[in-house]
Each structure stands twice: as structure tokens, then as C-alpha cells.
Amino acid sequence: MEDANVYTQDGTVDLQGRPVLASKTGRWKACSFLLGYEAFERMAFYGIASNLVNYLTTKLHEDTISSVRNVNNWSGAVWITPIAGAYIADSYIGRFWTFTASSLIYVLGMILLTMAVTVKSLRPTCANGVCNKASSLQIAFFYMSLYTIAIGAADQFDNYSLKEKKQKVSFFNWWMFSSFLGALFATLGLVYIQENLGWGLGYGIPTLGLLVSLMVFYIGTPFYRHKVIKSENLAKDLVRVPIAAFKNRKLHCPNDVLELHELDSHYYKSTGKHQVHHTLIFRFLDKAAIKTCSGESPCTVTKVEVAKRVLGLTLIWLVTLIPSTLWAQVNTLFVKQGTTLDRKLGSHFQIPAASLGSFVTLSMLLSVPMYDQYFVPFMRKKTGNPRGITILQRLGIGFVIQIVAIAVASAVEVKRMRVIKEFHIASPKQVVPMSIFWLLPQNSLLGIGDVFNAIGLLEFFYDQSPEEMQSLGTTFFTSGIGLGNFLNSFLVTMVDKITTKGGGKSWIGDNLNDSRLDYYYGFLVVISIVNMGLFLWTASKYVYKSDEIKDFSGGCVEMEAKALDTSPLTIQL
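Residues numbered from 1 in each chain as written. Predicted model: local features only at pLDDT ≥ 70, side-chain atom pairs only at ≥ 80, totals over all residues. Heavy atoms only, no water.

Of the regular secondary structure elements, the protein chain holds 19 helices and 8 strands. Relative to its full complement of 573 residues, the protein chain shows a buried share of 57%. (Helix = DSSP H or I, 4+ residues; strand = E, 2+ residues; numbered from the N terminus. Buried < 20%, exposed > 50% of the residue type's maximum accessible area, 1.4 Å probe, protein only.)

Along an α-helix, residues three or four positions apart point the same way, because every turn accommodates 3.6 residues. Taking 1.5 Å per residue as the helical rise, helix H18 (residues 517–541) with its 25 residues ought to reach 36 Å, and the 36 Å between its terminal C-alpha atoms agrees with that figure. Listing the buried residues of H18 in full gives Leu517, Asp518, Tyr520, Tyr521, Leu524, Val525, Ser528, Asn531, Met532, Phe535, Thr538 and Ala539. (Expected span 1.5 Å × (residues − 1).)

Attention now goes to a nonpolar patch on the surface. A surface patch of nonpolar side chains, about 410 Å² in accessible area, is lined by Tyr192, Leu345, Phe349, Phe437 and Leu440. Inspection of the secondary structure assignment puts Phe437 in the loop between strand S7 (432–435) and helix H15 (440–452). We classify Phe437 as partly exposed; its relative accessible area is 35%. (Patch = residues over 30% accessible without salt bridge, like charges linked within 9 Å, V, L, I, M, F, W, Y side chains within 5 Å. Areas by Shrake-Rupley, 256 points an atom, 1.4 Å probe, with all protein chains shown as cover. Salt bridge = Lys/Arg side-chain N within 4 Å of Asp/Glu carboxyl O.)

Another aspect to go through is the packing of aromatic side chains. Considering all chains together, one arrives at 22 aromatic pairs under this definition. Between Tyr192 and Phe349, the aromatic rings sit 5.5 Å apart at their centres with planes inclined by 25°, giving stacked as the arrangement. Here the residue Tyr192 occupies a position in helix H6 (residues 162–196), and Phe349 occupies one in strand S6 (residues 349–350), the gap between them amounting to 157 residues. Here the aromatic rings of Phe334 and Tyr521 are separated by 5.9 Å at their centres, their planes lie at 85°, and the arrangement is edge-to-face. Taken together, the residues Phe334 in helix H12 (residues 333–339) and Tyr521 in helix H18 connect sequence positions 187 residues apart. (Phe/Tyr/Trp six-rings, centres within 6.5 Å; stacked < 30°, edge-to-face > 60°.)

Next up on the list: the nonpolar core. Generally speaking, nonpolar side chains in soluble globular proteins are found buried as a group. In this structure, Phe142, Phe461, Tyr520 and Tyr521 are the most contacted members of the largest nonpolar core, which totals 118 residues. If near-sequence neighbours (up to four positions away) are discounted, Tyr520 is found in contact with Gln329, Leu333, Asn488, Leu491, Val492, Val495, Trp507 and Ile508. Within the second largest apolar cluster, 13 residues are counted, among which are Val412, Val432, Met434 and Ile436. (Core = buried A, V, L, I, M, F, W, Y, C linked by side-chain atoms within 4.5 Å. Contact = heavy atoms within 4.5 Å.)

Quick look at the side chain of Arg416 now. For Arg416, the position within the fold is in helix H14 (residues 391–422). By relative accessible area, which is 1% here, Arg416 ends up buried. Of the polar contacts made by the side chain of Arg416, one reaches the side chain of Glu413; its length is 2.7 Å. Discounting chain neighbours no more than four positions away, the residues touching Arg416 are Gln337, Thr340, Leu341, Val432, Met434, Leu512 and Asn513. (Polar contact = N/O pair within 3.5 Å; in protein donor to acceptor, adjacent residues only side chain to side chain.)

A separate point is helix H7 (residues 199–219). The end-to-end C-alpha separation of H7 is 31 Å, in line with the 30 Å expected for 21 residues at 1.5 Å each. For H7, the full list of buried residues reads Trp199, Gly200, Gly202, Tyr203, Pro206, Thr207, Gly209, Leu210, Ser213, Leu214, Val216 and Phe217.

On to the pattern of salt bridges. Evaluated as defined, the whole model comprises 10 salt bridges. Where Glu305 meets Lys308, a salt bridge forms, and the shortest distance between an N and an O atom there is 2.9 Å. Here Glu305 pairs with Lys308, and both are found in helix H10 (residues 301–318), just 3 residues apart, close to one helical turn. Looking at Lys308, the relative accessible area reads 1%, which means it is buried. Residue Glu459 pairs with Arg394 through a salt bridge whose shortest N-O separation is 3.5 Å. Of this pair, Glu459 sits in helix H16 (residues 454–463) while Arg394 sits in helix H14, and the two are 65 residues apart along the sequence.

Glancing now at the confidence of the model for the protein chain. Per-residue confidence for the protein chain gives a mean pLDDT of 79, with 79% of residues at or over 70. Looking across the protein chain, the model is least confident in strand S8 (residues 569–571), with a mean pLDDT of 33, and most confident in H18, with 95. Below a pLDDT of 50 lies the segment residues 547–573, which in the model reaches 89 contacts outside its immediate sequence neighbourhood of four places, other chains included. (pLDDT = per-residue confidence, 0-100.)

In contact at an axis separation of 8 Å, H14 and H16 are set at 150° when each is read in the N-to-C sense. With respect to H16, the element H14 is oriented roughly antiparallel. Note that H14 runs across H16; the crossing there is left-handed. Listed contacts from H16 to Ile391, Leu392, Arg394 and Leu395 of H14 are Ile455, Gly456, Leu457, Glu459 and Phe460. The residue makeup of the contact of H14 with H16, split by class, is 6 nonpolar, 1 polar and 2 charged. (Axes fitted to C-alpha atoms, helices over the stretch in contact; angles between N-to-C directions. Parallel < 35°, antiparallel > 145°, perpendicular 65-115°, else oblique. Left-handed = near helix turned anticlockwise from the far one by under 90°. Nonpolar A, V, L, I, M, F, W, Y, C, P; charged D, E, K, R; others polar.)

Below, the structure written as C-alpha cells:
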């Protein structure tokens, strides 16, 4: 039975800097508030993202390429801006106060966006069924609102407790579960409201949802654990290591690790900092820790190992960009593809094309509990790994499912083009006599793939990041999605320019009934297969954090003394 008076062993404190009791803070007690926040916040985000491409084409009257590019660019900005927030959180004011500041910006952006689609002078006008193109001022205000959201756009378990660390394995699954629960409401409910009851109401509801999510988050404040912010500039250390290694490139690296520069272990224990022991990967960086006679202080082995860790994460991150590009199709080309198909359900109801995203969400919501409750325990018995399979194995399975999904999308598009040819369809507004449910397999497969891929990425980058850089490490996940969106924007632009060169027909034209989306999807399949080969090679070279292996081995866990001070605090999200 757990002692009610035992403090957390990882040095976490409350918002006032006082040690916290393990039994009364953190764990699922705190995570329930975080999961509630995530559900409401994701409802707000997907309430915009899932149908934005239709708003740009039907209300702002943008062409297909421009709308896809602008949705990708905005989504990319939303996912990549957390890098700046994470750096500020880890190095200066902590995650709690960084979150508070960014939330105010987020709410402001949502209010401005609701105004942009509601206030008459800020949106294009229509008369007798003919709509004017949006003015420069209207476009500027709309995108200013969007990018304000982009500017504003986890854990509560003790790593030094075996029991809590095993609980954390499930946290990332349920974090994404709650995220997609909010997305499900957005793609089913909000999308219908936007297209049938008005865009102002459709954006006003997620704005209210965001405010509710913040209330839920702050109600849980007494239960959160916070980390003490260290004063050193971590980014500066990351830059210093390769520079020092380059300066010492002509020196012989000693075979004995003890000859490299490192501080006494007592220093790390007394300051509460994490000492990282030497590894054999990226040996060229070890030269940064060589003791020289130049008088310049060399980097410590710990700082070199942190740089190695970040380099290893970067290599894995690079091979996740193409999979993120595949996911970018859900809110862009998949939606546009759906607008051409028969969307009737019964005699009166028409399915909004953007509600296709609910297929992704539903399959994901159904798969997460099955993965967590059945797959993981089954594989745990087979492999002895607490996660069932390694995180990189999980990613690999997800990537393969994604490739299959895009291949299916290409095959369905070939079918659609045959129907178009059979019925002599030429106009972009003509409905192709083919049910929208033909798009169910590709969306469902992406949802199943996300259980392995998206959740695996979040867990991998968080878990494998250096201890003092876990916020920055987590942004590997968000920035990968962001750059994946930017990459898709670049690809659709270049494919359009190349295919229309010399008077040719664009693969992604304004008239999707006279385009070749199947070729573009096929192109994505080819580059994904090449990327899969690179992932397998990179994953085979990757070395996991040694402390994770020791913690899960069932042996003793070393208790480190923590120096509690009045430095800025960071909430453990």
C-alpha cells in the first residue's frame, strides 16, 4: 500500500515551489483534467481545419491549388509554432505560464475568426446567387485571424516510480483518444452547422469550446506537478557541442571514456541535474569533450550525450515528414474529392464532404481501446516489453498502413474517373454517380494507422528527449506535422506547375472531374515507399535511452537528490 505522505521522487513541486505528495497529485487525477482540456481544444481546432478548404473555395472563391496550399500553410504554421513556445517554457517561464500566455492569443484568434465570417463588411457579399470575390481587406483580416490562432496554438507521472512509469504508457493513447473525440464532434456536428446553419455559428461554437477547455484546465491546477526550470541555456549547449567537436576534429579521441571531460557525480546530485553517461553512437561528437591545453573549457560528456540524443531524434524526425504529408490529404484533397461524389443519405439529408474526416476519427476511437487493452497486453506477454512492441516498431506499422491507405485512395480515384468517363461528366459541378462511402476505406485506414503512427510519434519524441528538454523534444512531433503540411503545399504547387507546362492538364485542377488525382496519389505512394526504406535503415541504427531500459527491467531505481529552489516552474504536461 502506497504511503500517503511520500513525496514524488523526481523533484516535482507545486505552483508555489513546494514538494508535492505523490498520492495527491499527478497521475490520472491530474491527467483527467488534461484529457478534458484536449477534447475541447481539439474540437476548436478541427472545427476550423476540417472544413477550411471548402470555406476558401466557396466563400473566398479561391481555386483548388490555392485553397489546398493555404490550408496546408496554415496547418503547418499551427503545428510548427509550438517550437518557440517550448523553448520559452523549458528555458525561461515554464510550461504553465507559457500555456497561459499562448491561450490568450489563441482565444483572441478564435474571436477574430468568428468576426471574419459573421460581420458583413468582413466577408464577401452575394446578390441573386452571384458572389463577389473577397476584397484584399477581407482576405487580410481572415488570414490575420487564422494566423493569430497559429501563434497561440504531457505528463503527470513520476519517472522514478516504476508503477507510475508503466501508467504513463497508457497516457499517450488516451491523450490522442480525447483529442480525436473532440475532432469527431467537429467533423460530424460543426461541419454540418457551418454548411447548413451558418459559418458564424459554426465558428462561434468552437470558440466557446476553447473557453470551456481552458476552464477545465485551470480547475485541475491544484493537482498538477511542476518541474523546476534550470537556468542554463540549453540551445546554446546544443550549438556549442558540434562547434567544439569541429575545432577538435584533428585530435585523437581517447578510447578511455574517463579521459573525457565530465563533472563529478556529486555535482549532478546536489543540483538536481541529470547526468547522462557515455554512449558509442555519433562518436565524432565525443571530441567536444576532449581536454586540451588551449585554456578553453571543454564540453562535459553529459552535454555531448544530450547533443547526440537530439541528433538521433532529428534523424528519426526527418523520415516522419513524408508520413505527415500523407495525413495532410485528409483536410484537403480528400474533402475536395468528396464534394464531387453522391453525398445523399436518404431523400433529404446530404453528408458534408468535410465530415469524411469523421471516418478517420471513428476508426481511431475504436482502435485505441483495442490497442491499449488487448494488443499491448498480448504483445507484452510475447516480447516482455511494457509497451508490447518498441516505439519504432509501432511507427513502422503505422507508416505501412498509411501507404496502403493512399494506395487505396489512388485505386478509388481510378474508379471515380471510370464512372466520369462512363457517364460523360465534364462540368465541375456535376455530381459523380458514385457514393461518398467509397472514400470510407482510405479514411478508416488512416485512422487505424494513426493509432500506431501519430500516438507513437508523440510518445517517442517525448519519451526519448533529454530530461531537461522534454517540451522542446515534444515539438519534434508538432513540427513534423507542420513541415509535412508545408511539404504537401510545395508538392501540389510543383506538381501543378510541372503538369501544366506546355499546355498540359493539371493533375490537381479546379475541375476535379477533369483532373488526375490518382496520379498524384500514386506519386505519394512511390515517395512513401522510398521513405519507408530510409526509416527502416534509420530505425535500425537508433539507440534508445538507457535509463528507460533500466527503469523497466524491474530492478532498483536510483533516487536522485533534488535541489528545490525558487527558479521558474514548468508544469508537467
